[in-house]
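Summary of the model geometry
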Amino acid sequence: MPELDVKQKVLAANQAAAAALRRTFRDQRTLVVNLISSPGSGKTTLLEATVARMKDRYRLGGLDGDIATERDADRLRKAGIPARQILTGGACHLDARQVDTALAEEGETLRGLDILFIENVGNLICPTSYDLGEDFKVVLLSTAEGDDKPFKYPAIFARSKVAVLTKVDLLPHVDFDVAAVRAQVATLNPGARFVELSARTGEGMEAWCALLAEELREKRSKAV
Ligand SMILES: Nc1nc2c(ncn2[C@@H]2O[C@H](COP(=O)(O)OP(=O)(O)O)[C@@H](O)[C@H]2O)c(=O)[nH]1
Ligand SMILES: [Mg+2]
């Protein structure tokens with residue numbers, strides 16, 4: 001079978017599994033956020049800071065995709081929420097079946113949450129094509145990574161509802177043109193929300209948490 005056909009079959013199977021997950025999340029009234037970025041952009045740190053601000057008011061949980069180690073799920077558990085690590089067996093992205101299996105194995109603790117965060121495997125390429133049944137994707141870019149990345153990795157910026165610029169506390173120390181990044185994101189995805197924050201100083205965290213709360217409210221107001 002030609003390689004292209006194989007890839008299309010894999011993606012079609014993933015799409016079916018994602019559609020089933022999306023129905024489950026709708027029935028459970030859970031907002032699901034798929035976080036995607038390069039390794040080290042600050043996904044887990046942002047989740048830790050988010051948990052610290054939101055866990056008293058919302059039931060939160062996490063799934064963490066990685067090639068190796070339980071480190072990220074451990075960090076989220078330490079932050080005070082249920083979390084499960086998914087080891088992908090070398091794959092550079094999570095797929096919907098892995099999410100389904102992890103949720104089934106975890107059982108009650110990740111069921112019926114207000115918000116489920118899925119931290120994808122770190123890179124800006126493979127996770128782009130794999131729907132996980134999420135409500136929306138969030139792409140993160142840190143100020144340490146260079147301000148040319150949206151145009152270099154256009155698909156993920158085009159498909160993410162929210163773009164988060166992380167580590168803004170480092171701006172005085174790096175050459176990074178925030179306006180240029182905003183302009184690239186606006187070109188690729190005119191409707192995208194753009195959030196600038198630092199999980200370290202807390203700057204921008206209120207706006208990020210408010211965005212999540214608003215998305216949850218909106219999902220629930222639409223649910224029948
Ligand atoms: N200065 C600064 N460092 C941060 C910030 N957020 C994360 N980091 C650091 O960036 C590194 C990678 O963060 P991590 O959350 O593990 O990234 P992940 O691989 O995307 O999950 C760690 O050393 C964090 O302490 C931030 O807002 N400011
Ligand atoms: Mg991480």
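Now for a look at the structure at hand. All of these numbers come straight from a predicted model, not from anything done at the bench.

**Some words on the overall build of the protein**
When its secondary structure is counted, the protein shows 8 helices and 7 strands. For 224 residues, the compact-globule formula gives about 17 Å, and the C-alpha radius of gyration of the protein, at 17 Å, lands near that figure. Oriented by its inertia axes, the alpha-carbon framework of the protein measures out at about 50 × 45 × 40 Å. Counting over 224 residues, the protein shows a buried share of 41%.

**Details of the pairing of strand E4 (residues 115–119)**
Within E4, 5 of the 5 residues are buried, leaving the element largely enclosed by the surrounding structure. Taken together, the 5 bridges between strand E2 (residues 60–66) and E4 define a ladder with parallel strand orientation. Looking across to E4, one finds that Asp 64 is bridged to Glu 119.

**Notes on the sheet that holds strand E6 (residues 162–166)**
Each strand in a sheet pairs with another by means of backbone hydrogen bonds, the pair being arranged parallel or else antiparallel. With parallel pairing, 7 strands are arranged side by side in an open sheet as E3-E2-E4-E1-E5-E6-E7. The strands lining the two open edges of the sheet, one partner per strand, are strand E3 (83–87) and strand E7 (193–196). Between one strand and the next, the sheet's axes are offset by a mean angle of 20°, whatever the strand orientation. Together, strand E1 (31–36), E2, E4, strand E5 (136–142) and E6 form the strand contacts of helix H2 (residues 43–54), whose direction differs from that of E4 by roughly 165°. In the packing of helix H4 (residues 96–106) onto the sheet, the strands contacted are E2, E3 and E4, and the crossing angle to E3 comes to about 135°.

Rules used in this analysis
Residues numbered from 1 in each chain as written. Chains lettered and ligands numbered in written order. Predicted model: local features only at pLDDT ≥ 70, side-chain atom pairs only at ≥ 80, totals over all residues. Helix = DSSP H or I, 4+ residues; strand = E, 2+ residues; numbered from the N terminus. Rg over C-alpha atoms; globule rule 2.2 N^0.38 Å. Buried ≥ 20, exposed ≤ 12 C-beta atoms within 10 Å, placed from the backbone. Pairing = 2+ DSSP bridges. Axes fitted to C-alpha atoms, helices over the stretch in contact; angles between N-to-C directions. Contact = placed C-beta atoms within 7 Å.

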